[in-house]
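Residue-level structural notes
This is what each chain is made of:
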Amino acid sequence: MSPNPSLKTTELERFLRYVTYDTQSDENSTTYPSTAKQIVLLDRLVEELQAIGLKDAVRDEHGYVFATVPATTKKANVPVVGFIAHVDTSPEADGANVKPVIHRDWQGEDIVLPDDPTAVLRLRDNPMLLRQKGNDIITASGKTLLGADNKAGVAEVVAAAEYLMQHPEIAHGAIRVGFTPDEEVGGGTKYFDVKKFGAFCAYTVDGEELGEVEMETFSADSMTVTFEGFNTHPGFAKGKMINSIRIAADFVSRLPRERLSPETTDKREGFVHPYVVDAAVEKTSVKFLIRDFATAELKTKEDFLEKIAKETVAAWPGASVTCKVDESYRNMKEVLDNYPQVVENAREAVRRSGLQLHEAAIRGGTDGSRLSFMGLPTPNIFAGEHNFHSRLEWISVQDMAKAVEVIVKIAQVWEERA
Ligand SMILES: [Zn+2]
């Protein structure tokens with residue numbers, strides 16, 4: 001039985017196939033894409049796109065796959081709209097030999113993953129499952145992640161493109177399809193050629209809950225605070241050695257404990273997050289992630305850290321400190337506010353699909369945040385993915401079908417309103 005009889009689409013069989021490709025990216029790699037195995041799936045996608053009639057489907061030397069669903073509209077002024085998904089999976093969990101399992105007509109019981117009895121998906125821990133009673137839940141088998149992030153999005157975009165190709169009576173402008181590598185290691189847009197993609201705007205299909213449209217991300221910097229001390233032979237160090245590890249520990253202990261950290265904030269609060277320490281007696285650096293929805297607040301947080309760092313070294317005569325800030329990405333709302341129709345048309349498509357609209361600010365970044373600042377306004381819409389980067393990742397067959405429907409409707413809304 002099709003959960004969505006209005007659309008006969010192929011996202012499920014595509015998804016089950018794509019997850020069997022190991023496409024894990026690698027943050028320590030110096031190549032692009034970070035792992036060659038991503039190219040295997042990207043090339044496969046070129047073949048599949050050509051097979052459904054997207055004749056110009058091509059992969060470039062960096063790995064990006066672009067293709068076009070030709071326009072069917074008679075109007076001349078319909079903007080080109082893009083849909084983007086990433087093929088790589090997170091280095092945080094094993095992505096080889098993924099065995100997807102479909103739990104049909106789920107009724108609320110615990111789902112014990114077959115290859116690891118300790119891996120249990122429970123309603124209690126996953127309130128978003130509540131809405132899924134009677135649906136078909138897909139999980140991995142317990143040893144690996146599932147890869148719904150973002151192969152669900154990839155499958156949904158291909159299925160929507162196929163559906164549009166099979167239904168030329170649906171009026172829409174040219175639709176661009178883009179599949180990217182290395183999103184999980186922060187490189188998804190590194191060589192993305194916005195000009196060649198040639199769309200007025202795009203949507204990443206990489207969100208979580210049914211009906212979600214996301215136009216806001218964190219603004220993000222990284223900050224490195226480096227303490228320099230003085231090293232000598234420890235046997236003869238009295239009065240000479242200045243141990244920068246102790247200074248860095250003193251510094252970290254001065255950070256507020258009840259606020260301003262990932263573990264004490266949620267919703268619209270930002271944070272500073274020490275996440276890596278490179279330590280030796282002579283020199284120790286503490287790396288921070290700095291996050292806030294308001295870009296100006298990043299500077300406030302960085303100044304605050306610098307002040308604490310200076311207070312710390314003042315207590316350690318002979319030591320010094322330097323602070324370095326690097327920009328990571330910016331809240332895409334700053335761009336999207338200039339193109340209100342981009343988000344509004346997605347909202348309309350969600351409503352027309354009979355779904356309740358969910359709009360939340362993403363406590364992270366998306367490729368869309370970078371693309372928006374590169375000249376391609378790109379909010380994020382739901383793909384149905386849950387428990388990202390985890391062995392307990394899950395998605396429902398029914399939500400995937402709805403995502404395909406929303407993609408098709410976005411194409412239609414743009415045409416109607418042009
Ligand atoms: Zn993702």
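About the cut-offs
Residues numbered from 1 in each chain as written. Predicted model: local features only at pLDDT ≥ 70, side-chain atom pairs only at ≥ 80, totals over all residues. Heavy atoms only, no water. Buried < 20%, exposed > 50% of the residue type's maximum accessible area, 1.4 Å probe, protein only. Helix = DSSP H or I, 4+ residues; strand = E, 2+ residues; numbered from the N terminus. Arc of directions from axis to C-beta. Contact = heavy atoms within 4.5 Å. Salt bridge = Lys/Arg side-chain N within 4 Å of Asp/Glu carboxyl O. Donors = N, O, S within 2.8 Å, 3.2 Å for Na, K, Ca; no water. Tetrahedral: all angles 85-135°; square planar, octahedral: opposite > 155°, others 65-115°. Phe/Tyr/Trp six-rings, centres within 6.5 Å; stacked < 30°, edge-to-face > 60°. Pairing = 2+ DSSP bridges. Axes fitted to C-alpha atoms, helices over the stretch in contact; angles between N-to-C directions. Core = buried A, V, L, I, M, F, W, Y, C linked by side-chain atoms within 4.5 Å. Expected span 1.5 Å × (residues − 1). Domains from an automatic or database assignment. Buried area = accessible area lost by both parts, 1.4 Å probe. Polar contact = N/O pair within 3.5 Å; in protein donor to acceptor, adjacent residues only side chain to side chain.

1. Considering helix H1 (residues 11–18)
If you check which residues of H1 are buried, you get Glu11, Arg14, Phe15 and Tyr18. Each buried residue of H1 sits inside an arc of 100° when the element is viewed along its axis, so together they form one side. Taken together, the buried residues of H1 touch helix H2 (37–51), strand S7 (137–139), helix H3 (148–166), strand S18 (394–396) and helix H10 (397–416).

2. Points about the pattern of salt bridges
Considering all chains together, one arrives at 36 salt bridges under this definition. Of the charged contacts, one joins Arg104 and Asp136 as a salt bridge, the two residues approaching to 3.5 Å between their closest N and O atoms. Taken together, the residues Arg104 in the loop between strand S4 (101–103) and strand S5 (111–112) and Asp136 in the loop between strand S6 (120–121) and S7 connect sequence positions 32 residues apart. Overall, the relative accessible area of 52% leaves Arg104 in the exposed class. Here Arg391 makes a salt bridge to Asp116, at a shortest N to O gap of 2.7 Å.

3. Quick look at the coordination of the zinc ion
Listed as protein donors to the zinc ion are His86 (NE2), Asp149 (OD), Asp206 (OD) and Asp206 (OD); their distances from the metal cover 1.9 to 2.8 Å. Each of the 4 donor atoms around the zinc ion contributes to a set of angles spanning 51 to 134°, which defines the coordination as irregular. Read in sequence order, the donor residues for the zinc ion give the motif H-x62-D-x56-D. Highlighted residues: His86 in strand S3 (residues 81–86) and Asp149 in helix H3, separated in sequence by 63 residues. The residues His86 and Asp149 share a single accessibility class, namely buried.

4. A short note on the packing of aromatic side chains
A full pass over the atoms with the stated rule returns 14 aromatic pairs. Measuring from ring centre to ring centre gives 6.5 Å for Tyr64 and Phe66, while their planes differ by 55°; the resulting arrangement is tilted. Per residue, the accessibility class of Tyr64 equals that of Phe66, and both read buried. Seen in terms of ring centroids, Phe218 and Phe293 are 4.6 Å apart; in terms of plane orientation they differ by 35°. Their pairing is tilted.

5. As for the sheet that holds S4
In spatial order, the strands read S4-S7-S18; together these 3 strands make up an open sheet with antiparallel pairing. Looking at the sheet topology across the chains shown, the edges are occupied by S4 and S18. Ignoring strand direction, the axes of neighbouring strands in this sheet form an average angle of 30°. Packed on one face of the sheet, H10 meets S7 and S18 and runs near 65° to S18.

6. Focus on the sheet that holds strand S14 (residues 283–292)
With respect to topology, 4 strands assemble into an open sheet ordered S13-S14-S12-S15, the strand pairing being antiparallel. Single-partner strands in this sheet number two, and they are strand S13 (271–279) and strand S15 (320–329). Mean inter-strand twist for the sheet, computed between neighbouring axes without regard to direction, equals 20°. The pairing of strand S12 (residues 219–228) with S15 spans 9 bridges and is classified as antiparallel. Bridge pairing in S15 places Met223 opposite Val325.

7. A look at the nonpolar core
Ranked by size, the top nonpolar core spans 68 residues in total, and within it Phe15, Leu49, Phe83, Phe179, Tyr203, Ile381 and Ile410 carry the most contacts. The residues contacting Phe179, other than those within four sequence positions of it, are Leu42, Leu45, Leu49, Gly63, Tyr64, Val65, Ala85, Val87, Val154, Val157 and Val158.

8. Concerning H10
Helical geometry: 3.6 residues make up each α-helical turn, so side chains three or four residues apart lie on a common side. Between its first and last C-alpha, H10 extends 29 Å over 20 residues, near the 28 Å set by a 1.5 Å rise per residue. Within H10, 17 of the 20 residues are buried, which leaves it mostly tucked inside the rest of the structure.

9. Things to note about the domain arrangement of the chain
For interface size, the figure often reported is the accessible area lost on association. Segmentation of the chain into domains returns domain 1 (11–216 + 331–416) and domain 2 (219–329). Measuring from the centre of the C-alpha atoms in domain 1 to the corresponding centre in domain 2 gives 37 Å. Taken together, the contacts link 10 residues of domain 1 with 11 residues of domain 2. Buried area between domain 1 and domain 2, summed over both chains or domains, comes out near 840 Å², and the portion from carbon and sulfur atoms is 42%. Considering only the surface of domain 1 that becomes buried against domain 2, Asn331, Arg363 and Arg370 emerge as the three largest contributors, covering 59% of it. Taken together, the links from domain 1 to domain 2 amount to 1 salt bridge. Summed over the shared surface of domain 1 and domain 2, the number is 9 residue pairs in polar contact (both at pLDDT 80 or more). Looking at the side of domain 1 that touches domain 2, the elements that each hand over two or more residues are strand S16 (361–362) and helix H9 (367–373).

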